[in-house]
There are 2 protein chains.
Amino acid sequence: MNDSSIQWVYSFGAKGSDGDSSMRNLLGGKGANLAEMSGIGLPVPPGFTISTEVCTRYYDNGRTYPETLGGQVADAVARIEAETGARFADPQNPLLVSVRSGARASMPGMMDTVLNLGLNDETVEGLARRADDKRFAYDSYRRFIQMYADVVMEVDHGLFEDELEELKLRHGVFDDTGLTGDHLETLVATYKTIVEEEAGRPFPQDPHDQLWGAIGAVFNSWMNARATTYRRLNNIPASWGTAVNVQAMVFGNMGDDCATGVAFTRDPSTGENSFYGEYLINAQGEDVVAGIRTPLPLTAAARANGGGDELSMEEAMPDVFGQLDKVRAQLETHYTDMQDLEFTVQKGKLYMLQTRSGKRTAAAALRMAVEMAEEGLISRDEALLRIDPIALDQLLHPTLDPDAPKTVITQGLPASPGAAAGEIVLTADKAEEMAANGHQVILVRLETSPEDIHGMHAAAGILTARGGMTSHAAVVARGMGRACVSGAGEVRFDEVNNKVFVRDQELSEGDTITIDGGTGEVFLGRVDTIQPEMSGAFSTIMEWADDIRRMAVRTNAETPADARTAVGFGAEGIGLCRTEHMFFDVDRIISMREMIMAVDSEGREAALAKLLPMQRQDFEELFTIMAGLPVTIRLLDPPLHEFLPHSAEELADVAAAAGISPETARQRSLKLSESNPMLGHRGCRLAVTYPEICRMQARAIFEAATAIAGRGAEAPVPEVMIPLAATAKELELCKAVIDSEAEAVMAETGVRIEYLVGTMVELPRAAVCADDLARQAEFFSFGTNDLTQTALGISRDDAGAFMHAYTDAEIYPTDPFVSIDRDGVGALVRMGAEKGRATRDGLKLGVCGEHGGDPASIAFFEEVGLDYVSCSPYRVPAARLAAAQAAIRQRG
Amino acid sequence: MNDSSIQWVYSFGAKGSDGDSSMRNLLGGKGANLAEMSGIGLPVPPGFTISTEVCTRYYDNGRTYPETLGGQVADAVARIEAETGARFADPQNPLLVSVRSGARASMPGMMDTVLNLGLNDETVEGLARRADDKRFAYDSYRRFIQMYADVVMEVDHGLFEDELEELKLRHGVFDDTGLTGDHLETLVATYKTIVEEEAGRPFPQDPHDQLWGAIGAVFNSWMNARATTYRRLNNIPASWGTAVNVQAMVFGNMGDDCATGVAFTRDPSTGENSFYGEYLINAQGEDVVAGIRTPLPLTAAARANGGGDELSMEEAMPDVFGQLDKVRAQLETHYTDMQDLEFTVQKGKLYMLQTRSGKRTAAAALRMAVEMAEEGLISRDEALLRIDPIALDQLLHPTLDPDAPKTVITQGLPASPGAAAGEIVLTADKAEEMAANGHQVILVRLETSPEDIHGMHAAAGILTARGGMTSHAAVVARGMGRACVSGAGEVRFDEVNNKVFVRDQELSEGDTITIDGGTGEVFLGRVDTIQPEMSGAFSTIMEWADDIRRMAVRTNAETPADARTAVGFGAEGIGLCRTEHMFFDVDRIISMREMIMAVDSEGREAALAKLLPMQRQDFEELFTIMAGLPVTIRLLDPPLHEFLPHSAEELADVAAAAGISPETARQRSLKLSESNPMLGHRGCRLAVTYPEICRMQARAIFEAATAIAGRGAEAPVPEVMIPLAATAKELELCKAVIDSEAEAVMAETGVRIEYLVGTMVELPRAAVCADDLARQAEFFSFGTNDLTQTALGISRDDAGAFMHAYTDAEIYPTDPFVSIDRDGVGALVRMGAEKGRATRDGLKLGVCGEHGGDPASIAFFEEVGLDYVSCSPYRVPAARLAAAQAAIRQRG
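**Student:** Mind laying out the overall build of chain A, listing which residues take part and the relevant values?
**Tutor:** In terms of helices and strands, chain A carries 35 helices and 31 strands. Taking 892 residues into account, the globule formula puts the C-alpha radius of gyration at 29 Å, and chain A, at 32 Å, falls close to it. Along the first, second and third principal axes, the C-alpha atoms of chain A reach 100 × 65 × 55 Å. Relative to its full complement of 892 residues, chain A shows a buried share of 57%.

**Student:** With reference to specific residues and values, describe the sheet that holds strand E10 (residues 349-357) of chain B.
**Tutor:** All names here are of chain B. One open sheet holds the five strands; their spatial order is E8-E7-E6-E9-E10, and the pairing between them is antiparallel. One side of each edge strand has no neighbouring strand; the edge strands of this open sheet are strand E8 (296-297) and E10. Of the strands in this sheet, strand E9 (339-346) and E10 touch helix H13 (residues 318-335), which is tilted by about 30° from E10.

**Student:** So what's going on with the pattern of salt bridges? Residues and values would help.
**Tutor:** Scanning the entire structure with this criterion turns up 106 salt bridges over all chains. A salt bridge links Asp337 of chain A to Arg360 of chain A, with the nearest nitrogen and oxygen atoms 3.0 Å apart. Of this pair, Asp337 of chain A sits in the loop between helix H13 (318-335) and strand E9 (339-346) while Arg360 of chain A sits in the loop between strand E10 (349-357) and helix H14 (362-375), and the two are 23 residues apart along the sequence. On the basis of relative accessible area, Asp337 of chain A is assigned to the buried category, the value being 7%. A residue is classified by how much of its surface remains accessible, and Arg360 of chain A, at 17% relative accessible area, is buried. Lys844 of chain B is paired through a salt bridge with Glu719 of chain B; the nearest N and O atoms lie 2.6 Å apart. Of this pair, Lys844 of chain B sits in strand E30 (residues 844-848) while Glu719 of chain B sits in strand E27 (residues 717-722), and the two are 125 residues apart along the sequence. Connected through salt bridges with shared partners, the residues Glu605, Arg616, Arg695, Arg699, Glu703, Glu741 and Glu748 of chain A form a single ionic network.

**Student:** Lay out the interface of chain B and chain A in plain terms, naming residues and giving numbers.
**Tutor:** Size of an interface, as often reported, equals the accessible area lost when the parts are brought together. With 45 residues of chain B at the interface, the matching set in chain A holds 45 residues. Together chain B and chain A conceal approximately 3600 Å² of surface at their shared face, both sides included; 61% is due to carbon and sulfur atoms. Applying the counting criterion to the chain B and chain A interface returns 20 residue pairs in polar contact (both at pLDDT 80 or more). Among the secondary structure elements, those contributing two or more residues to the side of chain B that touches chain A are helix H26 (684-689), helix H28 (728-749), helix H29 (764-768), helix H31 (784-792), helix H32 (800-808) and helix H33 (822-839) of chain B. Top element by residues in the side of chain B that touches chain A is H33 of chain B. It accounts for five residues. In terms of residue class, the side of chain B that touches chain A is built from 24 nonpolar, 11 polar and 10 charged.

**Student:** If you had to explain the sheet that holds strand E5 (residues 242-248) of chain B to someone new, which residues and values would you point to?
**Tutor:** All names here are of chain B. Across the sheet, which stays open at both edges, the five strands sit in the order E1-E2-E5-E3-E4 with antiparallel pairing between neighbours. Both edges of this open sheet fall to strand E1 (9-12) and strand E4 (113-117), since each of them pairs with a single strand only. Here the strands of the sheet are splayed against their neighbours by 20° on average, with no regard to which way each runs. Relative to E5, strand E2 (residues 47-50) runs antiparallel, the two being bridged by four bridges. Each residue of the ladder has a partner; that of Gly47, found in E5, is Gln247. Sheet contacts for helix H1 (residues 24-39): E1, E2, strand E3 (97-103) and E5; angle to E3, the most-contacted strand, approximately 120°.

**Student:** Account for the packing of aromatic side chains, with residues named and values stated.
**Tutor:** Centre-to-centre distance and the angle between the planes together describe a pair of aromatic rings. Scanning all chains against the criterion turns up 40 aromatic pairs over all chains. Taking 6.0 Å as the distance between ring centres and 40° as the angle between the ring planes, the aromatic pair formed by Phe275 of chain B and Phe321 of chain B counts as tilted. You can see Phe275 of chain B sitting in the loop between strand E6 (259-264) and strand E7 (276-281) and its partner Phe321 of chain B sitting in helix H13, a full 46 residues away along the chain. Ring pairing ties together the aromatic residues Tyr58, Tyr59, Tyr65, Trp212 and Phe219 of chain A, which thus form one cluster. In this structure, Arg231 of chain A is placed above the aromatic ring of Trp222 of chain A, and the distance from its NZ or CZ to the ring centre is 4.2 Å. The side chain of Lys349 of chain A reaches across the aromatic face of Tyr351 of chain A, ending 4.7 Å from its centre.

**Student:** Residues and numbers for the relation of the copies chain B and chain A, please.
**Tutor:** The transform that puts chain B on chain A rotates by 180° and translates by 0.0 Å along the axis, for an RMSD of 0.2 Å. Such values leave the two copies arranged in the relation of a two-fold axis. In this assembly the copies share their binding face: 100% of the residues contributing to the interface of chain B also contribute to that of chain A.

**Student:** Summarise the packing of H14 of chain A against helix H20 (residues 536-548) of chain A; cite the residues concerned and give the values.
**Tutor:** All names here are of chain A. Taken N-terminus to C-terminus, the directions of H14 and H20 make an angle of 65°; their axes are 9 Å apart at the nearest point. Here H14 lies roughly perpendicular to H20, going by the angle between them. Note that H14 runs across H20; the crossing there is left-handed. The residues of H20 that touch H14, namely those facing Leu366, Arg367, Ala369, Val370 and Ala373, are Ala537, Phe538, Thr540, Ile541 and Trp544. Its residues assigned to classes, the contact of H14 with H20 comprises eight nonpolar, one polar and one charged.

**Student:** Which residues make up the environment of Pro66 of chain B, and what values do they have?
**Tutor:** Residue and element names in this part refer to chain B. Locating Pro66 in the fold gives a position in the loop between helix H2 (52-60) and helix H3 (69-84). Residue class for Pro66 comes out buried when judged on its relative accessible area of 11%. Residues Pro66 and Ala459 lie 393 residues apart in sequence; the distance between their C-alpha atoms is 43 Å. Residues within four places of Pro66 in sequence aside, it is in contact with Trp8 and Val54.

**Student:** Tell me about the confidence of the model for chain A, residues and numbers included.
**Tutor:** Confidence in the prediction of chain A, expressed as mean pLDDT, is 91, and 97% of residues score 70 or more. Under the prediction, the complex receives an ipTM of 0.78, its pTM being 0.78.

**Student:** Go over unusual backbone geometry, please, and point to the residues and values.
**Tutor:** You will see that Thr336 of chain A, though not glycine, has its phi angle at about 45°, which is positive. Within the chain, Asp132 of chain B stands out as a residue other than glycine whose phi angle is a positive 55°. Looking at the secondary structure, you find Asp132 of chain B in the loop between helix H4 (123-131) and helix H5 (134-151).

**Student:** Describe the pairing of strand E20 (residues 505-508) of chain B, naming the residues involved and giving the relevant values.
**Tutor:** Residue and element names in this part refer to chain B. Here four bridges tie strand E19 (residues 499-502) to E20, and the two strands are oriented antiparallel to one another. Directly across from Lys499, in E20, lies its bridge partner Ser508. Counting the residues that bridge the hairpin from E19 to E20 gives two residues, and of these Arg503 lies at a positive phi of roughly 50°.

**Student:** Give me the pairing of E10 of chain B: which residues, what numbers.
**Tutor:** Residue and element names in this part refer to chain B. Across eight bridges, the pairing between E9 and E10 is antiparallel. Bridge pairing links Gln346 to Lys349 in E10. Hairpin connection, E9 to E10: the antiparallel pair is bridged by two residues, and Lys347 has positive phi, about 45°.

**Student:** Please provide a residue-by-residue account of H32 of chain B, values included.
**Tutor:** The set of residues buried in H32 of chain B consists of Phe802, Met803, Tyr806 and Thr807 of chain B. Here the buried residues of H32 of chain B occupy an arc of 135° about the axis, which is enough to place them on one side. Buried positions along H32 of chain B lie against helix H26 (684-689) and helix H28 (728-749) of chain A together with helix H9 (225-234) of chain B. One or two residues past the end of H32 of chain B sits Glu810 of chain B, with phi positive at roughly 60°.

**Student:** Before we move on, could you go through the environment of Asp176 of chain B and cite the residues and values that matter?
**Tutor:** All names here are of chain B. Along the chain, the position of Asp176 falls in the loop between helix H6 (157-171) and helix H7 (181-199). Here the alpha-carbon distance between Asp176 and Gly216, two residues 40 residues apart in the chain, equals 31 Å. Apart from residues lying up to four places away in sequence, Asp176 is in contact with Arg135, Arg142, Leu164 and Lys168.

**Student:** Go over the side chain of Arg554 of chain B, please, and point to the residues and values.
**Tutor:** Positionally, Arg554 of chain B belongs in strand E24 (residues 552-556). Within the local environment of Arg554 of chain B, its side chain forms a polar contact with the side chain of Glu719 of chain B, the two groups lying 3.1 Å apart.

**Student:** Can you tell me about a negative patch on the surface, naming the residues and giving the values?
**Tutor:** All names here are of chain A. A surface patch of like charges, here negative, comprises Asp150, Asp156, Glu161, Asp162, Glu166, Glu196, Glu197 and Glu198. Those elements that place two or more of their residues in the negative patch are helix H6 (157-171) and helix H7 (181-199). Secondary-structure assignment places Glu198 in helix H7.

**Student:** Got a sec to walk through the environment of Ile708 of chain B? Specific residues and values, please.
**Tutor:** Here Ile708 of chain B is to be found in helix H27 (residues 691-710). Residues within four places of Ile708 of chain B in sequence aside, it is in contact with Glu620, Phe623, Thr624, Ala713 and Glu714 of chain B.

Rules and cut-offs
- Residues numbered from 1 in each chain as written.
- Chains lettered and ligands numbered in written order.
- Predicted model: local features only at pLDDT ≥ 70, side-chain atom pairs only at ≥ 80, totals over all residues.
- Heavy atoms only, no water.
- Helix = DSSP H or I, 4+ residues; strand = E, 2+ residues; numbered from the N terminus.
- Rg over C-alpha atoms; globule rule 2.2 N^0.38 Å.
- Buried < 20%, exposed > 50% of the residue type's maximum accessible area, 1.4 Å probe, protein only.
- Pairing = 2+ DSSP bridges.
- Contact = heavy atoms within 4.5 Å.
- Axes fitted to C-alpha atoms, helices over the stretch in contact; angles between N-to-C directions.
- Salt bridge = Lys/Arg side-chain N within 4 Å of Asp/Glu carboxyl O.
- Buried area = accessible area lost by both parts, 1.4 Å probe.
- Polar contact = N/O pair within 3.5 Å; in protein donor to acceptor, adjacent residues only side chain to side chain.
- Nonpolar A, V, L, I, M, F, W, Y, C, P; charged D, E, K, R; others polar.
- Phe/Tyr/Trp six-rings, centres within 6.5 Å; stacked < 30°, edge-to-face > 60°.
- Lys NZ or Arg CZ within 6 Å of the ring centre and 35° of its normal.
- Least-squares fit on C-alpha atoms with pLDDT ≥ 70 in both.
- Parallel < 35°, antiparallel > 145°, perpendicular 65-115°, else oblique.
- Left-handed = near helix turned anticlockwise from the far one by under 90°.
- pLDDT = per-residue confidence, 0-100.
- Arc of directions from axis to C-beta.
- Patch = residues over 30% accessible without salt bridge, like charges linked within 9 Å, V, L, I, M, F, W, Y side chains within 5 Å.
- Areas by Shrake-Rupley, 256 points an atom, 1.4 Å probe, with all protein chains shown as cover.
- Lys, Arg positive; Asp, Glu negative; His and termini not counted.
- Charge placed at Lys NZ, Arg CZ, Asp CG, Glu CD.

The structure is reproduced here in structure tokens:
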């Protein structure tokens, strides 16, 4: 296609739309939905969308536009003019527009917006005349200058705010509304002077220049630091680009018959099927979202619950509310999902400015999904697909113990559910720094802004003094699954001394508080928590998921506590029991070190004999908890050096215990240290060189299993897993030791049990030669952590130095240690699975390692046909759901 | 096949043979060739071979024999009895046999042998009567007891030797021959007492018991420490097993019409087509091989050259010599190769005891191959296949400078060619220890034995006081390519004080000497050496190889000296120029460290600007030497930490040079250090995160190339190689930097040159995704060192702790860093080659890294269809030959 024939600009309005909601990738979410709403006849101010493709080309071509863009924009402006009757730069009836970003995925507040574009020294007078309100016109103009100068001309917005404060002081008023049109006219003149001084050029008076300046600013904002960080945290590729939406302005701030608001078609916090939202009379939309004025509830019922004394929209504007409530029903049926709406009422007329699928808490997502399926709005499959498996984590974590002693120090809005305790920090940077050092922190801010994202991510919870339930802090915290209490107005700040005051309480950075995002309460100190109760919707969704999924879900666990938790969450066995963790106990590490310091196999065997009864005890406990379920036990895996202490003093203690000189101990430790321990003397290499270690572990496993079976209890099926094998011969050697020990134990006890011997496929060679390995292995468990390290040649411990650069440059779409690298590591997993099953029909295949709990990776494992995934206990519900989603998608 | 129907035993003799020389794997080399010689009518004492399969089963079944073996052995013994007329245990005409090992590959002296089996207190009398020589009979009996007791009954042979010395002293004789039959009869009685005392059981009198004892000892010797070491050094799998050869005895020691000797059909040292060998009158074969008596030359010509005064065999036994000379011609024509023969003359009758392809020096192998091809005995292909490429190394190394001042201190036999200088060591253990610490050593021994193998391997050269040209020392040294002077009788030992005396010279361990294995001379101190001249046969073979091979051979070089050497050896370009080596110069490392210590890209660029002219200069020199040839330049590869000093003092110097505090330098160094540097921030990850480094290197390359082309000289074709890539995106990013710098330099200079940008395929992901990488890469060079590390998950630096155990257990047939692991790493190379060429037809494919100089790996690369291999300069001739051999074999 020739560039000149490409459509870059898509109009929408009362006369129809060029686009629709299916064109989200091209038009961004906002643009696609504006087109869709116009298309189904909802009242949407006319406008147009410049496609994301322009953004991509803009960056590909050194920040220049396609040649034909200018003409297409001019045509689209003309269509707005035709529909509204207003014209750009017309002093009688000036067209004013908003210019907003709109990417494929929602990126709240990440990019820049300009409102009231089209005002200049002439058109402001026309606006004043038409609105019959000079104050409104000049307030709009001064807001426009301030936004435009900030966003497009890079003038510090603080300069304008200082002037505004100064003006209010001078005239003795406390609120913006106290300023008159004449006051604001003077302010506009001052603003223009500031712009010229700071930017070195006058404020542009031609609306076309203004428009192109704003379009450029939106495209440029795609690559700013905030947007880049947000994308990285949310795995959004830079290549998607943003669209630009230009739309005729409507005003919620032209008087008391005007309003603006945001709403959710159901309660995004609980999922309850009730209309939920906030509005402000005589205000612009940004006022609600930015959380600067605390907004009012939408419905009478909400006001009744909240106990406020100002009227809800339902009471104050019953007619318009009625229209809005109809729109609510229409949109939810149309989109078959809970919608997040923005609207403006201009002189009694309702305008819809945005609709999108609303963000929701995990609890709300569950409830909505189940209820919508039960209402017949969506299918069960669709209900399962609606829920982000990772978000389930939120529901599994502790809430406050209702019986614990608590000292409430203040109350805010319940902005994002969950309880969190931590040390107070007052800046995002500090939050990040403390969290990196292992502290749990609560970020306390007057209000949050997109610049605070990294700190919110690092914090366990967020507390703000200003802002409502749809403020930046609330929306972002819900998205991240962080507990949040917003609008806690009693919190005051002493930023010089890094203190906050709450009523008569003085709190310094580092003091501990607890917040409850489900109630809005704030407590002094750390409050005890309890395990959450699973909601009815949770159980329903898990049941539905279990009905549909093909893959089993196991857990990675070596302690009885973890195993019990996992069984509670529905784990169907243990997929990875890392036996080395069992050796780090204080009383065991001594024998372990004695074994390591031994100079011959006799010495090693003596030390191993001390470890045997402890290992057997470990396994007995695990096997009892996992009664009747498979338990995969990995033989000792890490390099022996990991068990040795690093300080000279501790090493001397070890030497004394082992009966050797400190110098000998030092030499032995030195000899064991490695250049690349990840690729060193570990895994089955230990079993090959020191078969006595393998023998002890095998004996412990079989003694434990036969002991349980011998008591008549349900016997487990131990799956003995040989780590880090690359060749069939290694498996043959280790299997011979394991089998002979199994035979010996069964002969001694007279109890026979079933067991399997298999291997972890975690080296590229093992995948490439899987047909050969399967001759020995009775099961494979893909160890995708190490397989990623070796296939990609990246040490996970050292990747920090370059992984950000790598994901930013989209060398890997996401961190390959979080989601499996399908093309590389994934291809090896597929090869291993296919070759393994070619040798041994029905070979049991699983995956352990962190990809086993990652939904994107689970989808891949379903495609490959693995039998099970294994993940950490708290990820088990997410994995059950993700496995069901994968099965639904695979079924197509 | 049922065990009972398997043939375990293969007879040979005048009436025909069950086996032939094609059955080497089953019968071992010795057994197969004895059968073959019998088959073509040569005089071979009758006997039989127990197959290697029995050995394998013996070890597989807990050292037990197949049930039917006993019967088959009895039948075969009966056949010997029938042919010889002698019978086991017959007091009138006793059958005596030898029992010898015989593996598929020659393992000189590695395993045990028993002679004169069948003697007991009765048969010794029969033997005395038949030989009419009591002395001979009892001498045979006492030798038999001594050998059997040592080998089968594990009685220390020193005890017998002490008694023999004692006996000689008592009777005032200096030589064994001075003892009478009666003396020896007494000695036999004493020997039997020793056996009973030491072994706790009497010496067995039943020849059948003796036979089974000896067979068991041979099989057991397959797993003794000497044999295991030898196999490891020579890559012989334990699974091959040894055969056992039982053969009627003939005696070279029944009087002066008897003799024994060894011979080569051509000179194994020079390759000259002349009969070469040694013999002893009235001696048993072991006397020649063991080097205890210094033997006499075979031919009159050799005696004339050597200047000895005892008669050669040609002179002393002209008839028998004539027969032997005919056998020589017959065998060489039959086997079409130089043969190594053992023979015995018993009372004027010639018996052939062994023939095998003879070991030879590299020079001899070359000459023989060329001459045999020219004689029409073999084809040119066969001539090329005859030469071990690795052995060519010997010919490329220095010889003594004839003009250098030298002090000859003694003279021995020229046992293995080549010159070597080093510190004197007197034991094999010490040789190994010193060599491990980086010393070059000469192992000086009275004579060597199989126990000394590890020391010979560690030494640069070997000097012995006793033994001839076919002594243990000589044979093993030639096989290993070590210089050796044997039989230097003037060397005497003071083992208490670790000194040797040579004439009036006293030398201590650690003093330096030089030996010339081509002349037999020994010099005081270190003598200057010169580069070898390539022989005519060398050039001929290289020409023939170049005619036949398909793959090009390049070299790995970064210094002008290495590049010049490689071009002299026939390198056809540089396959790997490791640019980091260029930064280690004293004056450069400072700027390099400054670059590393820089905190931002400006600081890095300032330091890089200092490195640019030096890099350009390096490349200009290399490009000039490699005029018109391709030069592959790898961008900076190692982690930056490798360039930093490790001591605190040095780090302080770096800090001072970089203008930062020592603490800052320490912090930066700490930050750069990595847990697994092999998998860390290195390779193209450096270029992705610090594009300025890539840009500087690209500029240096293109400035150098355009400067040369601009002068009108022959321009090189630079091939810029991006290391450690795993994704196409990395290549895209780096290639953009390289291409833009190339354009800039060509625009600045007005000179256009050709160049390629490609990548090193050294990560499993790169091989798996090679189709994708080939979209960016214009060539691939397989970096099989790192590919082996990552595919197998083995750090080369750390593999020492377990690699011996791994090759011993045959987990890998050979060290996978020496010869490519075909099934794993090889499969990835094949995948990479096929996928790469599927995307880009005719994609240039090469290999760098040490497998590029390994013949077995080169054979694999030919199969895969790579375009070239690249190896170190001294390996270039070997690679040329190996590539030709691979092409011949591939053509099939």
